[in-house]
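One-letter residues, chain by chain:
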Amino acid sequence: MTKAILLVEDDTVTAKALSAVLEKHGYVVLNAGSGSDAVALALSDERINLILMDIDLGEGPDGAEAAKQIIA
């Protein structure tokens, strides 16, 4: 079974680079560019096994706040 990772990163260049590395190692990578998108995706997609979260996500909830919302 392939593991799915939610990658939360607001910098598109960094997100693409990290996604490529993770996919090369056999993971399915779902991307979110904001804390709000991360919360919505994490709560709606049951495939996610792990979340890699940037802390500074610009406007809206930061990574720590998004993580709290997901855990709750």
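Being a predicted model, the structure only gives us computed values, none of them experimental. (Residues numbered from 1 in each chain as written. Predicted model: local features only at pLDDT ≥ 70, side-chain atom pairs only at ≥ 80, totals over all residues. Heavy atoms only, no water.)

**Q** Any chance you could break down the pairing of strand 2 (residues 28-32) for me, citing the residues and the numbers?
**A** Sheet faces and side chains relate simply in a regular strand, where the side chains alternate between the two faces. Across 5 bridges, strand 1 (residues 4-8) lies against strand 2 in parallel orientation. The residue of strand 2 that forms the bridge with Val8 is Ala32. A crossover links strand 1 with its parallel partner strand 2, the connecting element being helix 1 (residues 12-24), and its sense is right-handed. (Pairing = 2+ DSSP bridges. Helix = DSSP H or I, 4+ residues; strand = E, 2+ residues; numbered from the N terminus. Right-handed = clockwise from strand over helix to strand, strands pointing away.)

**Q** Just give me the short version of the confidence of the model for the chain, but keep the residues and values in it.
**A** Residues at a pLDDT of 70 or more form 100% of the chain, whose mean pLDDT is 95. Within the chain, helix 3 (residues 63-71) has the poorest average pLDDT of any element, 94, and strand 1 the best, 98. (pLDDT = per-residue confidence, 0-100.)

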